[in-house]
Amino acid sequence: MATLTLNPALDMTVRADGWQPNTVNSGQDMHLSAGGKGVNVASILADWGVTVTATGLLGAENAGSFETLFRAKHIQDAFIRVPGSTRVGVKIVDHAKQETTDINLPGLGATPELLKALEAQLDELTASHEVFVLAGSLPPGIESNYYARLVAKLRAAGKFVALDTSGPALTAVLNADTLPNLVKPNNHELSAALGRELSSEQDLLDAARTLLTRGADLVAVSQGEEGALLVTRDETVKARPPRVPVVSTVGAGDAMVAGLVAAHLDGLPLPAAARRATSFSVGTITRLGAHLPPRAELDAIAAQVDVSVLKTSDRLTV
Ligand SMILES: Nc1ncnc2c1ncn2[C@@H]1O[C@H](COP(=O)(O)OP(=O)(O)OP(=O)(O)O)[C@@H](O)[C@H]1O
Ligand SMILES: [Mg+2]
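Residues numbered from 1 in each chain as written. Chains lettered and ligands numbered in written order. Predicted model: local features only at pLDDT ≥ 70, side-chain atom pairs only at ≥ 80, totals over all residues. Heavy atoms only, no water.

- The name given to the protein in an unreviewed UniProt entry is 1-phosphofructokinase, with the source organism recorded as Deinococcus antarcticus.
- Heading Catalytic activity (unreviewed entry) of the UniProt record for the protein holds this comment: "beta-D-fructose 1-phosphate + ATP = beta-D-fructose 1,6-bisphosphate + ADP + H(+)".
- Per UniProt, the protein carries the Sequence similarities (unreviewed entry) text "Belongs to the carbohydrate kinase PfkB family." (UniProt positions renumbered as here; feature names shortened; annotations may be inferred.)

As for the packing of helix 9 (residues 270-285) against helix 10 (residues 295-304)
Then step 1. For the pair helix 9 and helix 10, interaxial distance at closest approach is 8 Å and the crossing angle is 120°. As judged from the angle between their axes, helix 9 and helix 10 are oblique. As helix 9 packs across helix 10, the resulting crossing turns out to be right-handed. Facing helix 9, whose interface residues are Arg 275, Ser 279, Phe 280, Val 282 and Gly 283, helix 10 presents Leu 298, Ile 301, Ala 302 and Ala 303.
Then step 2. Here the residues of the contact of helix 9 with helix 10 sort into 6 nonpolar, 2 polar and 1 charged. (Axes fitted to C-alpha atoms, helices over the stretch in contact; angles between N-to-C directions. Helix = DSSP H or I, 4+ residues; strand = E, 2+ residues; numbered from the N terminus. Parallel < 35°, antiparallel > 145°, perpendicular 65-115°, else oblique. Left-handed = near helix turned anticlockwise from the far one by under 90°. Contact = heavy atoms within 4.5 Å. Nonpolar A, V, L, I, M, F, W, Y, C, P; charged D, E, K, R; others polar.)

Topic: the domain arrangement of the protein
Then step 1. The assigned domain composition of the protein is domain 1 (1-19 + 26-133) and domain 2 (143-155 + 163-318).
Then step 2. Contact residues are listed per partner, giving 23 residues for domain 1 and 24 residues for domain 2.
Then step 3. For the domain 1 and domain 2 pair, buried surface summed over both sides reaches about 2,000 Å², with 73% attributable to carbon and sulfur atoms.
Then step 4. When the buried surface of domain 1 facing domain 2 is broken down by residue, Lys 37, Ile 44 and Trp 48 rank first, second and third, together holding 34% of it.
Then step 5. A salt bridge links Lys 153 to Glu 119; the shortest N-O distance between them is 3.5 Å. (Domains from an automatic or database assignment. Buried area = accessible area lost by both parts, 1.4 Å probe. Salt bridge = Lys/Arg side-chain N within 4 Å of Asp/Glu carboxyl O.)

What about unusual backbone geometry?
Then step 1. Of note, Asn 22 is a non-glycine position whose phi angle comes to about 70°, a positive value.
Then step 2. With respect to the element layout, Asn 22 can be found in the loop between strand 2 (9-15) and strand 3 (29-35).
Then step 3. Unlike most non-glycine residues, His 74 shows phi in positive territory, near 55°.
Then step 4. As for its placement among the helices and strands, His 74 is situated in the loop between helix 2 (64-73) and strand 5 (76-82).
Then step 5. Overall, His 74 belongs to the exposed group, its relative accessible area being 71%. (Buried < 20%, exposed > 50% of the residue type's maximum accessible area, 1.4 Å probe, protein only.)

Points about the nonpolar core
Then step 1. Within the largest apolar cluster, 53 residues are counted, with the highest numbers of intra-cluster contacts made by Leu 45, Leu 230, Leu 260, Val 261 and Phe 280.
Then step 2. It is helix 8 (residues 252-266) that provides the largest number of residues to this core, a total of 8 residues.
Then step 3. Of all hydrophobic cores here, the second largest spans 47 residues; its members include Leu 6, Leu 198, Leu 205 and Ala 207. (Core = buried A, V, L, I, M, F, W, Y, C linked by side-chain atoms within 4.5 Å.)

With respect to the sheet that holds strand 2
Then step 1. The strand order across the open sheet built from 4 strands is 3-2-6-7, with neighbouring strands paired in mixed fashion. Of all strands in the sheet, those bounded by a partner on one side alone are strand 3 and strand 7 (99-104). Taken pair by pair, the neighbouring strands of this sheet meet at an average axis angle of 20°, ignoring direction.
Then step 2. As paired strands, strand 2 and strand 3 are joined by 7 bridges and run antiparallel to one another. Across the sheet, residue Arg 15 finds its bridge partner in strand 3, namely Asp 29. (Pairing = 2+ DSSP bridges.)

Digging into the side chain of Ser 279
Then step 1. Its place among the elements puts Ser 279 in helix 9.
Then step 2. A relative accessible area of 3% means that Ser 279 is categorised as buried.
Then step 3. Discounting residues that sit within four places of it in the chain, Ser 279 has contacts with Leu 298, Ile 301, Ala 302 and Val 305.

A look at the site of ligand 1
Then step 1. Lys 37, Asn 186, Ser 222, Gly 224 and Gly 227 are the nearest of the 20 residues found near ligand 1.
Then step 2. Lys 184 has a polar side-chain atom sitting 3.1 Å from an oxygen atom of ligand 1.
Then step 3. At a separation of 2.8 Å, an oxygen atom of ligand 1 approaches a polar backbone atom of Gly 253.
Then step 4. Across the complex, the protein chains shield 83% of the 630 Å² of accessible surface that ligand 1 would expose by itself.
Then step 5. Contributing elements (two or more residues each) for the shell around ligand 1: helix 8 and helix 9.
Then step 6. Classifying every residue of the shell around ligand 1 gives 7 nonpolar, 9 polar and 4 charged. (Near = heavy atom within 4 Å. Polar contact = N/O pair within 3.5 Å; in protein donor to acceptor, adjacent residues only side chain to side chain. Areas by Shrake-Rupley, 256 points an atom, 1.4 Å probe, with all protein chains shown as cover.)

Here you go:
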């Protein structure tokens, strides 16, 4: 399977206890981590043992952390190298005061030449891959209907397509003629994309079912610590995570996408898919970065996920 990340990010976390602006400060340590939604999905699926190819646009000047991650996890690196640097997110953490300051730097813009190279790469990957995950925001220079067009192209080629994005890119996909097989917005993203408030579970179900009637096969609406609603044409499932000590919620949604794709690859029924996806999310938030815990720990978490199948009268009829 392949993941596409058009706007990856390099996260730099600097620990500087007691730091003050406008002075010279000492830091304790610095950590670089390769991120971006599709990179996270690839990282988690690789931990699970899936053969993964990762593509997208990557700044040539600071690609090292990404290359290290890909090598360590045997992820096939199909990223197009772009002159310049991938956008960096700086996090200054003060453990003493329990404060975090974020500085997000702008990323690379896409040019017509880069988009051409990317298209050629995607055509090549389409010939050799069956499952595609399109994840994350679009960088400057790429039109908001980019994913919508790519979804149509991949599905016309018979591929399974999963999408996790937000804002105008998600709106464009949800309004297009061809929907992805799997969409995983969180409740806020879905509400923003549809331009209406989704305040109750019934509202979320109705919204999900509209997308199913328009061609999606599985709509997973995640709701943070509340869990997630997973809806297909035949079934509706609610998955509630156990309470866990949260280390970092970064990648919770990406892990859910990875879990749903892993479930698809194994042909799991919806309740089992919901359990697996939620265990991936919960496992990821109990550690730093987008990595799965060891298998035994993951199995223990999965056993604690509360999965309920909503009653037949709630089923969709189309
Ligand atoms: N605080 C938490 N405690 C337990 N589980 C959580 C918590 N936050 C998230 N999860 C789990 O992770 C899943 C996905 O989380 P969430 O809805 O926050 O995704 P997201 O908003 O897409 O996140 P991301 O920032 O990765 O895009 C939830 O359905 C839930 O199972
Ligand atoms: Mg998300």
